[in-house]
Amino acid sequence: MKISHRLTLTMAAVAILSVFLLAGLIYNSTGSIFSRYINRTITLQYQRWAEGLQSYYAEQGNWDNLQTYLQNPAGNVVSPGHRRGRGPGVNAQRFMMGDIIVVDANHMVIGNSSGTRLGEYVSDRELKNAYPLEVGNKYIGSVIFYETGMTRLGELEIDFLTNMSRATLLAALLTLIIAIILAIFISRKISQPISKLALATNQLAQGHWSTRAQIQGDQEIIVLADNFNLMAQKLEEAQARRENITADIIHELKTPLSILRGNLESLQSGALVASEETFLSLQDEIIRLTKLVEDLEVLSRLESGKLALDLQPCEMSGLLDALFPIVNTLELQGKVFKSEIADSLPPLYVDKGRTLQVLINLLSNAMYYTPEGGTIILQANKGKEGFVHLIISDSGKGIEEQDLKHIFDRFYRADRSRSRRLGGTGLGLAIARGFVEAQEGSIWAESTPGKGSTFHLLLPAVT
């Protein structure tokens with residue numbers, strides 16, 4: 001099921017449930033309020049009847065002609081001194097549809113709206129529901145109200161509730177229709193960007209690496225699209241690197257193989273004399289080819305995480321002693337080497353052989369680019385907690401900014417004039433970075449053209 005359909009059905013179901021619950025609540029609340037209104041009206045009418053009867057007795061001084069009063073509570077004066085309208089009034093007569101019994105102080109019926117119980121005595125059980133009548137703190141009798149039509153809904157009340165129910169149902173249906181339309185609109189608004197992203201993902205899966213998601217919408221969708229575009233960019237860059245690496249490997253292998261083939265063919269044809277110099281040249285190409293294959297094998301192990309490391313504590317002094325041959329070469333070339341090692345440095349926790357290979361590679365590059373009389377400095381300080389910070393700086397010609405971010409890439413050469421026959425395989429810095437990162441360290445470079453370069457290493461220390 002499409003996400004748009006699922007969202008529409010879910011939102012519609014929620015809307016239906018909410019609308020009908022609200023309609024039911026409104027209907028029940030209206031009925032409850034209306035019932036309370038009726039009960040309150042009944043209570044007020046009872047009080048008006050009781051007050052009217054008390055006023056009648058107070059003005060009459062007795063219960064004479066009470067029966068006439070009960071049957072015409074809103075009529076004219078029924079006895080001398082009784083004013084018009086002092087009884088419950090026409091509204092009371094209209095609403096009171098049951099029987100009213102008035103008893104005197106002796107509990108004998110002296111007034112009855114139906115006229116069927118005059119002269120009878122009421123029981124104590126009936127008196128429990130009676131309203132006592134008093135004039136001047138004197139008990140003069142009681143009035144008993146039996147079932148009235150107000151306890152049942154009349155035509156007007158039923159008609160009101162019916163109209164209310166119809167209006168509520170109509171409002172519920174209209175609300176439901178609007179809710180469904182909004183659900184369809186919102187679900188499409190949400191699902192369309194996702195559908196576009198799914199299409200872009202499918203295109204990317206088919207190898208269209210330049211695919212990008214141009215999506216607008218809610219913040220979450222935009223973030224998802226941005227992440228997708230970043231992933232697509234990384235994949236495109238990785239694919240480009242793979243293609244470049246393949247081309248570079250072919251080129252690197254092609255050169256020594258072509259030289260070997262040409263020399264061998266020349267030897268076979270007699271055009272080249274089989275001398276010691278010839279064989280040494282062939283041997284150099286084989287050594288260079290072997291070194292390239294070995295470096296590629298090391299890189300492959302680094303990328304797959306299968307490179308075995310012999311991690312153990314290693315003092316800086318031991319590393320400096322192992323660097324003596326290359327330091328001696330520097331000095332023989334008329335270049336100055338300085339070491340500045342901080343006191344109380346903790347031992348490194350590294351693979352000594354791999355770390356030496358990194359340092360030798362960096363010092364060899366520094367030696368190549370530093371002119372005679374220039375200076376190369378190796379510093380060692382405490383880095384962030386648990387690390388030692390090594391710095392190798394030179395006074396060479398430096399690295400251009402556009403080259404600096406690529407110097408750790410495979411086969412990348414910042415110096416285009418440096419021949420591959422004299423410049424190694426072009427994998428040294430890539431392998432150095434792999435060795436450092438495999439030991440959970442980090443390496444980066446800084447450079448100012450014309451003033452030299454600085455390489456930084458953070459290597460883990462014994463804690």
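These figures come from a predicted structure and were not determined experimentally. (Residues numbered from 1 in each chain as written. Predicted model: local features only at pLDDT ≥ 70, side-chain atom pairs only at ≥ 80, totals over all residues. Heavy atoms only, no water.)

Participant: If you had to explain the environment of Met-11 to someone new, which residues and values would you point to?
Facilitator: Tracing the backbone through its elements, the reader meets Met-11 in helix α1 (residues 3-60). Counting along the chain gives 175 residues from Met-11 to Ile-186, while the straight-line C-alpha distance between them is 9.3 Å. Those residues in contact with Met-11, other than ones at most four positions away along the chain, are Ala-183 and Ile-186. (Helix = DSSP H or I, 4+ residues; strand = E, 2+ residues; numbered from the N terminus. Contact = heavy atoms within 4.5 Å.)

Participant: Lay out the sheet that holds strand β11 (residues 452-460) in plain terms, naming residues and giving numbers.
Facilitator: Across the sheet, which stays open at both edges, the five strands sit in the order β6-β8-β9-β11-β10 with mixed pairing between neighbours. Because the sheet does not close on itself, it has two edges, and the strands there are β6 (336-341) and β10 (442-448). Along the sheet, successive strands turn relative to each other by an average axial angle of 15°, direction set aside. The strands that helix α12 (residues 428-438) touches are β10 and β11; relative to β11, the one it contacts most, it runs at about 25°. (Pairing = 2+ DSSP bridges. Axes fitted to C-alpha atoms, helices over the stretch in contact; angles between N-to-C directions.)

Participant: Explain the environment of Ser-395 to me, using residue names and the numbers behind them.
Facilitator: The topology assignment puts Ser-395 in the loop between β9 (387-394) and α11 (401-404). On the basis of relative accessibility, which here comes to 33%, the residue Ser-395 falls in the partly exposed class. With 58 residues separating them in the primary sequence, Ser-395 and Ser-453 have C-alpha atoms 7.0 Å apart. (Buried < 20%, exposed > 50% of the residue type's maximum accessible area, 1.4 Å probe, protein only.)

Participant: Give me the nonpolar core: which residues, what numbers.
Facilitator: Core analysis: the biggest nonpolar cluster contains 47 residues, and Leu-323, Leu-362, Ile-376, Leu-390, Phe-455 and Leu-457 have the highest contact counts within it. A per-element tally of this core places helix α10 (residues 352-369) first, with seven residues. Core analysis: the second largest hydrophobic core is formed by 20 residues, Ala-50, Trp-63, Val-102 and Val-143 among them. (Core = buried A, V, L, I, M, F, W, Y, C linked by side-chain atoms within 4.5 Å.)

Participant: I'd love a proper account of a nonpolar patch on the surface, names of residues and values included.
Facilitator: On the surface, Ile-16, Phe-20, Leu-169 and Leu-173 cluster together into a nonpolar patch covering about 360 Å² of accessible area. For the nonpolar patch, the secondary-structure elements that each account for two or more residues are α1 and α5 (155-205). Here Leu-173 shows up in helix α5. By relative accessible area, Leu-173 is classed as partly exposed at 40%. (Patch = residues over 30% accessible without salt bridge, like charges linked within 9 Å, V, L, I, M, F, W, Y side chains within 5 Å. Areas by Shrake-Rupley, 256 points an atom, 1.4 Å probe, with all protein chains shown as cover. Salt bridge = Lys/Arg side-chain N within 4 Å of Asp/Glu carboxyl O.)

Participant: Tell me about the environment of Cys-314, and name the residues and values.
Facilitator: Looking at where Cys-314 falls in the secondary structure, it is placed in strand β5 (residues 311-314). Judged by relative accessible area, Cys-314 falls into the buried class, the value being 5%. Separated by 148 residues in the primary sequence, Cys-314 and Val-462 place their C-alpha atoms 8.8 Å from one another.

Participant: Give me the pattern of salt bridges: which residues, what numbers.
Facilitator: Counted by the stated rule, this structure contains four salt bridges. As a salt-bridge pair, Glu-236 and Arg-212 come within 2.6 Å of each other at their nearest N and O atoms. In this pair, Glu-236 is assigned in helix α6 (residues 219-269) and Arg-212 in the loop between α5 and α6, connecting sequence segments 24 residues apart. Classification of Glu-236 by relative accessible area gives partly exposed; the value is 31%. According to the relative accessible area criterion, Arg-212 is partly exposed, its value standing at 29%. Among the ionic pairs, Glu-265 bridges to Arg-261, the shortest N-O distance being 3.0 Å. Within this pair, Glu-265 and its partner Arg-261 are both found in helix α6, separated by four residues, close to a single helical turn.

Participant: Go over α10, please, and point to the residues and values.
Facilitator: For α10, which comprises 18 residues, the first-to-last C-alpha distance of 26 Å matches the rise-based estimate of 26 Å (1.5 Å per residue) to within 8%. Turning to α10, its buried residues number three or more, namely Thr-355, Leu-356, Val-358, Leu-359, Asn-361, Leu-362, Leu-363, Asn-365, Ala-366 and Met-367. N-cap assignment for α10: the residue whose side-chain oxygen lies 3.1 Å from the backbone N of Gly-353 is Asp-351. (Expected span 1.5 Å × (residues − 1). Polar contact = N/O pair within 3.5 Å; in protein donor to acceptor, adjacent residues only side chain to side chain.)

Participant: I'd love a proper account of the packing of aromatic side chains, names of residues and values included.
Facilitator: Inspection of every chain in the model, using the stated rule, returns eight aromatic pairs. Judged by centre distance (6.3 Å) and plane angle (85°), the ring pair of Phe-408 and Phe-455 falls under edge-to-face. Of this pair, Phe-408 sits in the loop between α11 and α12 while Phe-455 sits in strand β11, placing them 47 residues apart in sequence. Each member of the pair, Phe-408 together with Phe-455, is buried. (Phe/Tyr/Trp six-rings, centres within 6.5 Å; stacked < 30°, edge-to-face > 60°.)

Participant: Describe the sheet that holds strand β2 (residues 109-112), and please don't skip the residues or the numbers.
Facilitator: Taken in spatial order, the four strands line up as β2-β1-β4-β3 in an open sheet, and their pairing is antiparallel. The open sheet terminates on both sides in strands that have one partner only, identified here as β2 and β3 (131-135). The average undirected angle you get between the axes of adjacent strands in this sheet is 25°. Here three bridges tie strand β1 (residues 100-103) to β2, and the two strands are oriented antiparallel to one another. Pairing of Val-103 across the sheet is with Val-109, part of β2.

Participant: Quick one: what's the story with the packing of α10 against α12, residue by residue and with numbers?
Facilitator: Remark: α10 packs on α12, axes separated minimally by 9 Å, with the N-to-C direction vectors making an angle of 145°. When you trace α10 past α12, the crossing you get is left-handed. Mapping the contact onto sequence places Arg-354, Gln-357, Val-358, Asn-361, Leu-362 and Asn-365 in α10 and Gly-428, Leu-429, Ile-431, Ala-432, Phe-435 and Val-436 in α12. (Left-handed = near helix turned anticlockwise from the far one by under 90°.)

Participant: An account of helix α7 (residues 276-304) is needed here, citing residue identities and associated values.
Facilitator: For α7, which comprises 29 residues, the first-to-last C-alpha distance of 42 Å matches the rise-based estimate of 42 Å (1.5 Å per residue) to within 8%. Three or more residues of α7 are buried, namely Thr-278, Leu-282, Glu-285, Leu-289, Leu-292, Asp-295, Leu-296, Val-298, Leu-299 and Leu-302. Directly after α7, the chain includes Gly-305, whose backbone phi takes a positive value near 75°.

Participant: Before we move on, can you summarise unusual backbone geometry with the specific residues and values?
Facilitator: One non-glycine residue with positive phi stands out, namely His-107, at about 70°. Residue placement: His-107 occurs in the loop between β1 and β2. On the basis of relative accessibility, which here comes to 26%, the residue His-107 falls in the partly exposed class. A positive phi angle, close to 55°, is found at Ser-344, a residue other than glycine. For Ser-344, the position within the fold is in the loop between β6 and β7 (348-351). Overall, Ser-344 belongs to the exposed group, its relative accessible area being 64%.

Read these as layout, nothing more, since geometry by itself doesn't imply function.
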